Amino acid sequence: MSCAILTQNHSPICLEVDIDPSIRIPADGEKVAELVRTLVNQSIAEMGVQGGELTITAVDVSSGLELEVADTGRSIEQRATSLPFIAAALGAKIHWQNCPQGGAAATIVFRPTAGASRMVA
């Protein structure tokens, strides 16, 4: 993801990324980057001129990879929580939830790879 999204924004935004570099995303990297850019842009818009905190995390669980984009903007009841077309193209699901400290998070859930699915079943 290009840092231009954040550096060209006039609002103060603190970015935290917590992703283990050994995690492999089970989808096309270019399309996943496009999906993350879309969600980051939505987060920036939701935080508005006051800015805030933007956190991107990933965790590999038995049900698949979960990649989360969380921000300190408005709650899910006050924002559009549309499903970007790219998520559907990747076979990923997005779950929206309010964050306990305020703001909201979009969790992208990628199904496990075919081999991992067989091992779990």
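In the block above lies the structure referred to throughout.
Cut-offs applied
Residues numbered from 1 in each chain as written. Predicted model: local features only at pLDDT ≥ 70, side-chain atom pairs only at ≥ 80, totals over all residues. Heavy atoms only, no water. Helix = DSSP H or I, 4+ residues; strand = E, 2+ residues; numbered from the N terminus. Buried < 20%, exposed > 50% of the residue type's maximum accessible area, 1.4 Å probe, protein only. Contact = heavy atoms within 4.5 Å. Pairing = 2+ DSSP bridges. Axes fitted to C-alpha atoms, helices over the stretch in contact; angles between N-to-C directions. Patch = residues over 30% accessible without salt bridge, like charges linked within 9 Å, V, L, I, M, F, W, Y side chains within 5 Å. Areas by Shrake-Rupley, 256 points an atom, 1.4 Å probe, with all protein chains shown as cover. Salt bridge = Lys/Arg side-chain N within 4 Å of Asp/Glu carboxyl O. Lys, Arg positive; Asp, Glu negative; His and termini not counted. Charge placed at Lys NZ, Arg CZ, Asp CG, Glu CD. Core = buried A, V, L, I, M, F, W, Y, C linked by side-chain atoms within 4.5 Å.

Trainee: Honestly, the overall build of the chain in this entry has me stumped. Any pointers?
Mentor: Of the regular secondary structure elements, the chain holds 4 helices and 5 strands. Beginning at the N terminus, the succession of helices and strands in the chain can be written as α-β-α-β-β-α-β-β-α. Considering the chain as a whole, with its 121 residues, one finds that 35% of them fall into the buried category. In the chain, the proportion of contacts linking residues at least 24 apart, taken out of those at least 6 apart, comes to 66%.

Trainee: Any chance you could explain the sheet that holds strand S1 (residues 13–18) here in plain terms?
Mentor: Sheets are built from strands paired through backbone hydrogen bonds, the pairs being either parallel or antiparallel. Strand order in the open sheet made by the 5 strands is S1-S2-S3-S5-S4, with mixed pairing throughout. Two strands bound the open sheet, and with one partner strand each, they are S1 and strand S4 (93–98). Taken over all neighbouring pairs, the strand axes of this sheet differ in orientation by 15° on average, direction set aside.

Trainee: Before we go on, may I ask you to explain a negative patch on the surface in this structure?
Mentor: A cluster of like negative charges, contributed by Glu16, Asp18, Asp20 and Glu53, occupies part of the molecular surface. You can see aspartate 20 is positioned in the loop between S1 and helix H2 (29–47). On the accessibility criterion, aspartate 20 (41% relative accessible area) is partly exposed.

Trainee: How do you make sense of the nonpolar core when you look at a structure like this?
Mentor: Leu35, Leu67, Ile108 and Phe110 are the most contacted members of the largest nonpolar core, which totals 22 residues. Elements with a minimum of two residues in this core: H2, strand S2 (52–61), strand S3 (64–71), helix H3 (85–90) and strand S5 (104–110). In terms of residue count, H2 provides more of this core than any other element does, 7 residues in total. Excluding its chain neighbours within four sequence positions, the residues that come into contact with leucine 67 are Ile19, Val32, Val36, Ile56, Thr57, Ala58, Ala106, Thr107, Ile108 and Phe110.

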